[in-house]
Amino acid sequence: MMNSMTSETIIAIAVPLEAELVDGIRAVDPSITVLYDPELLPPERFPADHSGDPGFRRSAEQEQRYWAMLNRAQVLYGFPNENPAGLARIAHENPRLQWVHAMAAGAGGAVKASGLDQETLQKFKVTTSAGVHALPLAEFAALGILNGFKRSAELAQDQAAKVWPELRTPTRLVSGSTLVVAGLGEIGLETARIARALGMKVSGTKRTVEPIEGIEQVADNDGLTGLLASADAVVNTLPGTVYTEKLFNRRMFAAMKPGTVFVNVGRGTVVDEDALLEALDNGQLSYACLDVFAVEPLPQDSPLWSHPHVMVSPHTSALSAAENRLIAERFCSNLRAFLDGGDLLHVVDPVHYY
C-alpha cells in the first residue's frame, strides 16, 4: 500500500500535455488534485513532443512557480524538464515524492543518468510508458525486414541514378524465413505477431526462459548465439543496461548467416557499431534498419549516414499521433492501482535500470 497515509493525492504535470488529457487524469478519482499550468510548460512542436520547444524559457518567477508546483506533489507526470537532471533535483527537493511516471518506454537509462544513489531511489517509484510504443515499433521492425528482403535501398539508388538494370535481381521471400527477436517483451511479442502474419518462423530471447505460444524457441542472452545461426532477420528490442552493453558484437554478427537483415528498435548501446559496419561490409549483414544509435543525435561523421545498406531513422519510429493519449491512459490505469494500494506496472528496477 503506497498511499494509505494521505486522503488527498496531488499530481503535478511536469511536461507538455493536452488539457483534455489532463482532465482525463483528474477524472480518475475525486480525491486527487492535479496541478497543471500550461504557461510553465514548453509548447509541443509535434505530437508527443514531451520536451517541447527547446527555445522556450521561463522567467525567474515562472521557474520558481514551476518547481514550487512540482514540490507540492506526491506524483509527477513526466520528469521535470524531461531530463535526468530534473529527476535528480526533484528527488532531493521533494520529500513527499512517491511516484514519477516517465514518458519513455526505456526510462531506465535516464534514471541511471540522474546519478541518484540507491538509498534515494528506494524512496519513490519510477514507472515507464513501456507497451505504448509496441505497435509502431513493431510495424517499423516489419518495415526494416521487408526493406532488407525486397532490396529497397538498391531500388532507391537505381531510381536516383535513373538506372534500369539489364539483369533483373530477385528479391527474397519473407514467408518461410526465420526471425530472431532479441527481447520478447511487449515490443518483441508484437513484432513476432506481425512477422508470423507474414509467414515467418520466430524465435527469440527472454530473461526468464519459458515457452511462449507461437515462438519456436526461447533462450536467454547466453543462448542468443545459437539462435542466430538459423536467422534470416534479427530484430533487437532490448533496453540499454550493463547486461546488454554491446551485446551485438563481432562474435554475434559472425554467428549470423551471410546476408542477414538486422533491425534495431531497442537501444543503440546494445550494438557495437564498429562491428556492425564490419558485418555490413563483409556481407554478414545485407541490410541494417536502425532507429537508435550509441550516440544520439548520430554524429555527422558516422559512416552509418552514408552506408548504402543502412537506413537511419532519427529515433522517431515509436512516435504516433496517438502517443500522448496512450501514455495518459497507461498512467491513469496505474494511478487507479496506486490509489487502491495495488502494484504499479512497468516499474524501473533501481538496481539494474530496466
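Residues numbered from 1 in each chain as written. Predicted model: local features only at pLDDT ≥ 70, side-chain atom pairs only at ≥ 80, totals over all residues. Heavy atoms only, no water.

### Let's talk about the pattern of salt bridges
For the structure shown, the criterion picks out 15 salt bridges. Residue Asp232 is joined to Lys257 by a salt bridge in which the shortest nitrogen-to-oxygen separation is 2.8 Å. You can see Asp232 sitting in the loop between helix 9 (224–228) and strand 9 (233–236) and its partner Lys257 sitting in the loop between helix 10 (250–254) and strand 10 (260–264), a full 25 residues away along the chain. Classification of Asp232 as buried rests on a relative accessible area of 15%. Of the charged contacts in the structure, one is a salt bridge between Asp340 and Arg336, with a shortest N-O distance of 3.0 Å. (Salt bridge = Lys/Arg side-chain N within 4 Å of Asp/Glu carboxyl O. Helix = DSSP H or I, 4+ residues; strand = E, 2+ residues; numbered from the N terminus. Buried < 20%, exposed > 50% of the residue type's maximum accessible area, 1.4 Å probe, protein only.)

### Re the packing of helix 6 (residues 134–149) against helix 8 (residues 186–197)
Orientation of helix 6 relative to helix 8, taken along the N-to-C sense of each, is 50 degrees, at an axis distance of 8 Å. Taken together, the axes of helix 6 and helix 8 are oblique relative to one another. Crossing geometry of helix 6 relative to helix 8 is assigned as right-handed. In this structure, helix 6 uses Ala134, Leu135, Leu137, Ala138, Glu139, Ala141 and Ala142 to contact helix 8, whose residues at the interface are Glu186, Ile187, Glu190, Thr191, Arg193 and Ile194. Looking at the contact of helix 6 with helix 8 residue by residue, the classes come out as 8 nonpolar, 1 polar and 4 charged. (Axes fitted to C-alpha atoms, helices over the stretch in contact; angles between N-to-C directions. Parallel < 35°, antiparallel > 145°, perpendicular 65-115°, else oblique. Left-handed = near helix turned anticlockwise from the far one by under 90°. Contact = heavy atoms within 4.5 Å. Nonpolar A, V, L, I, M, F, W, Y, C, P; charged D, E, K, R; others polar.)

### Notes on the packing of aromatic side chains
Applying the stated criterion across every chain, the model contains 7 aromatic pairs. Relative to Phe331, the ring of Tyr77 lies with its centre 5.0 Å away and its plane at 90 degrees, an arrangement referred to as edge-to-face. In this pair, Tyr77 is assigned in strand 3 (residues 75–77) and Phe331 in helix 12 (residues 323–339), connecting sequence segments 254 residues apart. Given the relative accessible area of 0%, Tyr77 is considered buried. Taking the relative accessible area as the measure of exposure, Phe331 reaches 0% and is therefore buried. With a centroid separation of 5.0 Å and an interplanar angle of 25 degrees, the aromatic rings of Trp99 and Phe331 are classed as stacked. Of this pair, Trp99 sits in strand 4 (residues 99–101) while Phe331 sits in helix 12, and the two are 232 residues apart along the sequence. Across the pair, Phe331 and Trp99 agree in class, each one buried. (Phe/Tyr/Trp six-rings, centres within 6.5 Å; stacked < 30°, edge-to-face > 60°.)

### As for the sheet that holds strand 3
The 5 strands are arranged 2-1-3-4-5 in an open sheet whose pairing can be described as parallel. Of all strands in the sheet, those bounded by a partner on one side alone are strand 2 (32–35) and strand 5 (125–127). Sheet twist, expressed as the average angle between the axes of neighbouring strands with direction ignored, equals 20 degrees. Here 3 bridges tie strand 4 to strand 5, and the two strands are oriented parallel to one another. (Pairing = 2+ DSSP bridges.)

### Some details on the side chain of Thr191
If you trace the backbone, Thr191 turns up in helix 8. Once you skip the residues sitting within four places of it in the chain, Thr191 turns out to touch Ala138, Ala141, Leu179 and Val235.

### What to know about the pairing of strand 9
Because side chains alternate across strand 9, one face comprises the buried residues Ala233 and Val235, and the other comprises Val234 and Asn236, equally buried. Two strands pair when backbone bridges link them, and strand 9 and strand 10 are joined in this way by 4 bridges, in the parallel orientation. If you follow Val235 over to strand 10, its bridge partner there is Val263.

### As for the sheet that holds strand 6 (residues 178–182)
As summarised here, the arrangement of the 7 strands in space is 8-7-6-9-10-11-12, forming an open sheet in which the pairing is parallel. What marks the edges here is a single partner per strand, and that holds for strand 8 (218–219) and strand 12 (310–312). Of the strand pairs in this sheet, strand 7 (residues 201–205) and strand 8 are connected by 2 bridges, and their pairing is parallel. By the bridge assignment for strand 8, Thr205 is matched with Ala219. This element, helix 11 (residues 273–282), spans strand 10, strand 11 (285–290) and strand 12 of the sheet and lies at about 140 degrees to strand 11.

### What about unusual backbone geometry?
The step from Glu296 to Pro297 runs through a cis peptide bond, and the omega angle for that step is -5 degrees. Assignment of secondary structure puts Pro297 in the loop between strand 11 and strand 12. Phi at Lys162 takes a positive value of approximately 55 degrees, unusual for a residue other than glycine. Along the chain, the position of Lys162 falls in the loop between helix 7 (152–160) and strand 6. Despite not being glycine, Lys246 shows a phi value in the positive range, around 50 degrees.

### Some remarks on the confidence of the model for the protein chain
Detailed reading of the predicted coordinates is not advisable wherever pLDDT is low. Within the protein chain, residue pLDDT values average 95, and 98% of them lie at 70 or more. Model confidence for the protein chain, summarised as mean pLDDT per element, is weakest for helix 4 (residues 108–113) at 93 and strongest for strand 9 at 99. This stretch, residues 1–6, has a pLDDT under 50; its non-local contacts, to residues over four places away or in other chains, come to 13 contacts. (pLDDT = per-residue confidence, 0-100.)

### Focus on the environment of Glu216
Along the chain, Glu216 falls in the loop between strand 7 and strand 8. Under the relative-accessibility criterion, Glu216 is labelled exposed at 54%. The sequence separation of Glu216 and Val202 amounts to 14 residues, and the corresponding C-alpha distance is 5.9 Å. Beyond its immediate chain neighbours, meaning those up to four positions away, Glu216 contacts Lys201, Val202 and Ser203.

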